[in-house]
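Understanding the architecture of this molecule
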Amino acid sequence: MLDSSPRREGNSWALAQALGKGAEEAGHTVDFVRLSDFVRSPLDDCRECRLSDGSCGITDDYERLLFDHVLPADAIVYATPLHWYGMTGRLKSFLDRFFCYTSASSPHTAEVVPGLMHKRAAVLISCEESYRGATLGLEAQFQELTRYLRQDLAGIVVGVGNSRGEVERDPARPLEAAADLGRRLGDAHVTDYRLDTDRPNRVWGPPVEV
Ligand SMILES: Cc1cc2nc3c(=O)[nH]c(=O)nc-3n(C[C@H](O)[C@H](O)[C@H](O)COP(=O)(O)O)c2cc1C
């Protein structure tokens with residue numbers, strides 16, 4: 001679970017905690033990290049900072065985050081406040097720097113490329129503005145980037161609030177939605193068809209008898 005807010009224990013953190021609680025209830029182990037503890041530099045020009053063996057020369061804890069926390073996980077939860085109608089710069093840097101480990105020149109490509117793919121993903125967004133358009137661009141971006149990474153985007157929860165922890169008072173109850181997503185994340189059924197996809201005519205299987 002990646003909390004990308006610069007604010008400690010803020011609204012995106014609250015959403016992440018709720019999702020984590022739901023995931024634990026479903027029997028999963030939750031690994032919660034703050035990106036600011038690991039990612040201190042944006043992507044730079046690889047031609048200038050790449051080391052002679054092709055590995056990334058940026059000296060922060062990104063590599064530790066990637067290898068010890070991200071690659072071993074079955075699911076990634078991206079938690080971000082809305083900043084200028086997008087994700088935080090820190091989260092963008094985290095994503096940008098995948099490049100340094102997946103490009104042909106990296107000695108880690110064979111491990112990192114398959115390690116990033118075929119995970120479940122969830123997105124948690126906290127923001128001040130409640131109108132639908134505020135988060136649409138970011139939601140579309142996550143849809144595309146998880147598709148590119150072959151991650152299954154199981155759900156997006158948006159919580160509205162501004163002062164610390166205020167998201168709890170959002171009448172749409174995003175903390176409950178996040179907890180529910182956490183409970184379902186392990187086996188969430190994600191459908192993404194093409195015209196020729198072989199599929200049954202029901203999405204959720206046969207009706208359950210009560
Ligand atoms: C630099 C910055 C930019 C922001 N841009 C937006 C924005 O475009 N739209 C919005 O609704 N809220 C915006 N906000 C408000 C935050 O998204 C909101 O306060 C959020 O709940 C903070 O979450 P956090 O406590 O996890 O940091 C911005 C806040 C900051 C600090």
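As the structure is a prediction and not an experimental result, all values here were calculated from the model.

Rules of the game
- Residues numbered from 1 in each chain as written.
- Predicted model: local features only at pLDDT ≥ 70, side-chain atom pairs only at ≥ 80, totals over all residues.
- Heavy atoms only, no water.
- Patch = residues over 30% accessible without salt bridge, like charges linked within 9 Å, V, L, I, M, F, W, Y side chains within 5 Å.
- Areas by Shrake-Rupley, 256 points an atom, 1.4 Å probe, with all protein chains shown as cover.
- Salt bridge = Lys/Arg side-chain N within 4 Å of Asp/Glu carboxyl O.
- Helix = DSSP H or I, 4+ residues; strand = E, 2+ residues; numbered from the N terminus.
- Buried < 20%, exposed > 50% of the residue type's maximum accessible area, 1.4 Å probe, protein only.
- Near = heavy atom within 4 Å.
- Polar contact = N/O pair within 3.5 Å; in protein donor to acceptor, adjacent residues only side chain to side chain.

1. Remarks on a nonpolar patch on the surface
Nonpolar side chains collect at one region of the surface, where Tyr193, Val203 and Trp204 lie side by side and expose about 360 Å² of accessible area between them. Assignment of secondary structure puts Trp204 in the segment after helix H8 (174-184). The class of Trp204 is exposed, set by a relative accessible area of 69%.

2. Considerations on the site of the ligand
As a matter of local geometry, the ligand sits amid 16 residues, with Ser5, Ser12, Leu82, Glu129 and Asn162 nearest to it. Here Ser12 contributes a side-chain N or O atom positioned 2.5 Å from an oxygen atom of the ligand. Measuring from an oxygen atom of the ligand, one finds a backbone N or O atom of Glu128 at 3.0 Å. Taken by itself the ligand offers 650 Å² of open surface, and the protein chains cover 79% of this. Those elements that provide at least two residues to the shell around the ligand are helix H1 (11-25) and strand E4 (120-127).

3. A word on the environment of Ala26
With respect to the secondary-structure elements, Ala26 resides in the loop between H1 and strand E2 (33-34). Sequence-wise, Ala26 and Arg183 are 157 residues apart; in three dimensions their C-alpha atoms are separated by 5.2 Å.

So yeah, pure geometry; function would need other evidence.
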